[in-house]
Amino acid sequence: MTHTLEKSAIDQYLVYHGLTWEKFKLIQSGFAGASGVRLFYYDGTLEILMPGREHEIFSRLICYFVMTFFLEKGIEFEPTGSMTQEAPDVASAQADESFCIGGAKPTPDLSIEVVFTSGGASKLARYQALRVPEVWFWEDGVFTLYHLRGDRYDLIQQSEIPELQDLDLALLTRCVLLAQTDKAEAVRVFRREIQK
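Residues numbered from 1 in each chain as written. Predicted model: local features only at pLDDT ≥ 70, side-chain atom pairs only at ≥ 80, totals over all residues. Heavy atoms only, no water.

*Asks:* How should I be thinking about the overall build of the protein chain in this particular structure?
*Replies:* A count of helical and extended segments in the protein chain gives five helices and eleven strands. Against the 2.2 N^0.38 benchmark of 16 Å for 196 residues, the protein chain shows a C-alpha radius of gyration of 17 Å, consistent with a compact globule. The C-alpha extent of the protein chain, read off along each of the three principal axes, is 50 × 50 × 25 Å. A buried classification covers 47% of the 196 residues belonging to the protein chain. If you take every contact in the protein chain between residues at least 6 apart in sequence, the share linking residues at least 24 apart comes to 54%. (Helix = DSSP H or I, 4+ residues; strand = E, 2+ residues; numbered from the N terminus. Rg over C-alpha atoms; globule rule 2.2 N^0.38 Å. Buried < 20%, exposed > 50% of the residue type's maximum accessible area, 1.4 Å probe, protein only. Contact = heavy atoms within 4.5 Å.)

Below, the structure is given as structure tokens:
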């Protein structure tokens, strides 16, 4: 008898404390090839996230709008999605979306997290260990941006990545929210506004 799991609308989230990097790597290898599961490790803590439907919808919408901005502005980029980012023995993360700007790099310039059940700013420590220059969180219909300065992240109001400084965050927020009810209109509004 085989069992199938239906994609839940709600994120499923598990946390384990007191794990060494070696134990994390063994667990990670056990999940190799398992789609829809994201693993995070930092400071002995393993987080396992199985994103729900709403989580994935917001993630894809945000990715679409950011990619549209890059394409419309002629900005070279590489969408790296939820690729595993690691600093061996220290941290591992799989952002919902990530981007290298100007070409391929070992560490993305931007990681974006959709937050429904876990984290928010508490996830910054692992991204700091990974030296990701900028991290955006989408939570409760609002973007919160952080830029890495030396050894800490500062809360910022606008992206400090040069290629993204002209991206209107109010427009991006409005279009992500609009896309929940009318994706075609959200796309039209976004494209029209960024072409001005």
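On we go from here.
*Asks:* Can you walk me through the pairing of strand S9 (residues 134–139) in this structure?
*Replies:* Buried residues dominate S9, accounting for five of its six residues. Of the pairings in the sheet, the one linking strand S8 (residues 110–114) to S9 comprises five bridges and is parallel in character. Paired with Ile 112 across the strands is Trp 136, a residue of S9. Judged from the six bridges that link them, S9 and strand S10 (residues 142–149) form a sheet pairing that is antiparallel. Within S10, the residue paired with Phe 137 across the bridge is Thr 144. What sits between the antiparallel neighbours S9 and S10 is a turn of two residues, in which Asp 140 has the positive phi angle 55°. (Pairing = 2+ DSSP bridges.)

*Asks:* Please clarify how the environment of Leu 61 should be interpreted in this entry.
*Replies:* Of note, Leu 61 is situated in helix H2 (residues 53–73). For Leu 61, a relative accessible area of 12% translates into the label buried. In this structure the C-alpha to C-alpha distance between Leu 61 and Ile 194, which are 133 residues apart in sequence, comes to 16 Å. Every residue in contact with Leu 61, bar those within four places of it in the chain, is listed here: Val 176, Ala 179 and Lys 183.

*Asks:* For this particular structure, what's the right way to read the sheet that holds strand S4 (residues 77–79)?
*Replies:* Strand pairing in a sheet is mediated by backbone hydrogen bonds. Such pairs are either parallel or antiparallel. Pairing is mixed across the open sheet formed by six strands, whose spatial order is S4-S7-S8-S9-S10-S11. Here the strands that pair on one side only, and so sit at the sheet edges, are S4 and strand S11 (152–156). Between one strand axis and the next, the sheet turns by 20° as a mean value, whatever way the strands run. With respect to the sheet, helix H4 (residues 169–179) is in contact with S9 and S10, its orientation differing from that of S9 by roughly 40°. (Axes fitted to C-alpha atoms, helices over the stretch in contact; angles between N-to-C directions.)

*Asks:* Would you take a moment to explain the packing of H2 against helix H5 (residues 183–194) for this structure?
*Replies:* Remark: H2 packs on H5, axes separated minimally by 10 Å, with the N-to-C direction vectors making an angle of 30°. Between H2 and H5, the crossing angle belongs to the class labelled roughly parallel. The handedness of the crossing between H2 and H5 is right-handed. Counting all contacts with H2, which are made through Leu 61, Tyr 64, Phe 65, Thr 68, Phe 69, Glu 72 and Lys 73, the residues of H5 involved are Lys 183, Ala 186, Val 187, Phe 190, Arg 191 and Ile 194. Within the contact of H2 with H5, the residues separate by chemical class into eight nonpolar, one polar and four charged. (Parallel < 35°, antiparallel > 145°, perpendicular 65-115°, else oblique. Left-handed = near helix turned anticlockwise from the far one by under 90°. Nonpolar A, V, L, I, M, F, W, Y, C, P; charged D, E, K, R; others polar.)

*Asks:* Explain the sheet that holds strand S6 (residues 91–93) to me, please; I cannot follow it from the model alone.
*Replies:* Here five strands make up an open sheet; going across it, the order is S1-S3-S2-S6-S5 and the pairing antiparallel. Looking at which strands have only one partner, the edges of the open sheet turn out to be strand S1 (12–16) and strand S5 (85–87). Pairs of neighbouring strands in the sheet enclose a mean axial angle of 15°, with direction left out of account. Across the sheet, helix H1 (residues 21–30) lies against strand S2 (38–42), strand S3 (45–50), S5 and S6, angled at about 155° from S5, the strand it touches most.

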